[in-house]
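Observations on the three-dimensional arrangement
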Amino acid sequence: MWLCSMAVQAYAWPSSLLAGAQKEEELSDSVRSALSAAITEGGTPEVTFANTEQRMQFLRWLSAHSAALQSRINDYNVRTHFLRTLWYETKRAGLEPALVLGLIQTESNFRKYAVSSAGARGYMQVMPFWIRLLGNSQTQHLFHTQTNLRFGCVILRHYLQRENGDLFMALGRYNGSRGQEPYPSAVLKATQFWRNLHAPI
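On a predicted model such as this, the values are computed, not experimentally measured, just so you know.

In terms of regular secondary structure, the protein is built from nine helices and zero strands. Expressed as a percentage of its 201 residues, the buried residues of the protein come to 50%. Considering only intrachain contacts with a sequence separation of at least 6, the fraction spanning at least 24 residues in the protein is 66%.

As structure tokens, this is what we get:
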């Protein structure tokens, strides 16, 4: 815990939103289905494990990351809900939790109700057109933790598939700055901090 606190003190948290403008595009049925489900689900997802060792690994991960986020998300219950949901949604989308934490740090600096100049919303700075593509005009859903994280993770996975696994290009597409260096580099630098915080699970 002491090492975790020292690492956080040594890391310079960004203070401004770097969100760009994602491009509106046609969605596959699988992406549309995953996004639609996010609007109807609520609460904290139930995290299940194959064995006790996996559960203990998760609890160690949760403890280390909760301590690291304390200065950004003060309320313990809100912080725990955020981390449990993030872990669930990253695993569901086949993404590394550290990568999504790095993206959130870069996009919103862990501000649930952040809105960028381009109109992107929430932790993962999701553009409102994504929810409108589903025939839903209730863009306030994008401030709901699980909805925002589900949308962000599904969109990032979608972009990774579009870019044939090229993370640099997928991150640029997520930000609306495809092919430009600053945004992917910022996300990858932040990802490394979270990756070093605790062994991957």
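As a further point, take the packing of helix H8 (residues 167-175) against helix H9 (residues 182-197). Close contact between H8 and H9 brings their axes to 8 Å; oriented N to C, the two are set at 110 degrees. Here H9 runs roughly perpendicular to H8, going by the angle between their axes. Taken together, the residues of H9 that come into contact with H8 (itself represented by Leu-167, Phe-168, Leu-171, Gly-172, Tyr-174 and Asn-175) are Tyr-183, Pro-184, Val-187 and Leu-188. In terms of residue class, the contact of H8 with H9 is made up of eight nonpolar, two polar and no charged.

What follows is about unusual backbone geometry. Of note in this structure, Asn-109 is not a glycine but carries a positive phi near 55 degrees. Summarising the element assignment, Asn-109 is placed in the loop between helix H5 (97-107) and helix H6 (129-132).

With that settled, consider the pattern of salt bridges. Close approach of charged atoms lets side chains of opposite charge pair. What the rule picks out here adds up to five salt bridges. In this structure, Arg-150 and Glu-89 form a salt bridge, with 2.5 Å as the shortest nitrogen-oxygen distance. With Arg-150 in helix H7 (residues 145-162) and Glu-89 in helix H4 (residues 76-93), the pair connects residues that are 61 residues apart, well separated along the chain. Exposure class is identical for Arg-150 and Glu-89. Each is buried.

Moving on: the packing of helix H3 (residues 52-69) against H4. Interaxial distance between H3 and H4 falls to 10 Å at its minimum, and their mutual angle equals 130 degrees. Accordingly, the angle class assigned to the pair H3 and H4 is oblique. The two elements H3 and H4 meet at a crossing, and its hand is right-handed. Every residue of H4 that contacts H3 at Phe-58, Trp-61, Leu-62, His-65, Ser-66 and Leu-69 is listed here: Tyr-76, Arg-79, Thr-80, Phe-82, Leu-83, Arg-84, Leu-86 and Trp-87. Of the residues that constitute the contact of H3 with H4, the class distribution is nine nonpolar, three polar and two charged.

Moving on, we come to H4. Its 18 residues give H4 an end-to-end C-alpha distance of 26 Å, which sits within 8% of 26 Å, the value for a rise of 1.5 Å per residue. Every buried residue of H4 is listed here: Arg-79, Thr-80, Phe-82, Leu-83, Thr-85, Leu-86, Trp-87, Glu-89, Thr-90 and Ala-93. Note on H4: the residue one or two positions beyond its end, Gly-94, has a positive phi of about 70 degrees.

Take the confidence of the model for the protein next. Taken as a whole, the protein shows an average pLDDT of 83; of its residues, 77% reach a score of 70 or greater. Confidence, read as mean pLDDT per element, is least for helix H1 (residues 2-10) in the protein (36) and greatest for H5 (97).

Going through the model one piece at a time under the given rule, you end up with twelve aromatic pairs. Each ring, one from Phe-58 and one from Trp-61, has its centre 6.0 Å from the other, and the planes form 20 degrees; the classification is stacked. Taken together, the residues span about one helical turn, with Phe-58 and Trp-61 both in helix H3 at a distance of three residues. Ring geometry for Trp-130 and Tyr-159: centres 6.3 Å apart, planes at 65 degrees, overall edge-to-face.

Of all nine residues making up H8, seven are buried, and the element is well covered by its neighbours. For H8, the set of buried residues is Met-169, Ala-170, Leu-171, Gly-172, Arg-173, Tyr-174 and Asn-175. For H8, the secondary structure elements touched by its buried residues are H5, H7 and H9. Where H8 starts, the residue carrying a side-chain oxygen 3.1 Å from the main-chain nitrogen of Phe-168 turns out to be Asp-166. Where H8 terminates, the next one or two residues include Gly-176, which has phi positive at roughly 80 degrees.

The rules behind these values
- Residues numbered from 1 in each chain as written.
- Predicted model: local features only at pLDDT ≥ 70, side-chain atom pairs only at ≥ 80, totals over all residues.
- Heavy atoms only, no water.
- Helix = DSSP H or I, 4+ residues; strand = E, 2+ residues; numbered from the N terminus.
- Buried < 20%, exposed > 50% of the residue type's maximum accessible area, 1.4 Å probe, protein only.
- Contact = heavy atoms within 4.5 Å.
- Axes fitted to C-alpha atoms, helices over the stretch in contact; angles between N-to-C directions.
- Parallel < 35°, antiparallel > 145°, perpendicular 65-115°, else oblique.
- Nonpolar A, V, L, I, M, F, W, Y, C, P; charged D, E, K, R; others polar.
- Salt bridge = Lys/Arg side-chain N within 4 Å of Asp/Glu carboxyl O.
- Left-handed = near helix turned anticlockwise from the far one by under 90°.
- Expected span 1.5 Å × (residues − 1).
- pLDDT = per-residue confidence, 0-100.
- Phe/Tyr/Trp six-rings, centres within 6.5 Å; stacked < 30°, edge-to-face > 60°.
- Polar contact = N/O pair within 3.5 Å; in protein donor to acceptor, adjacent residues only side chain to side chain.

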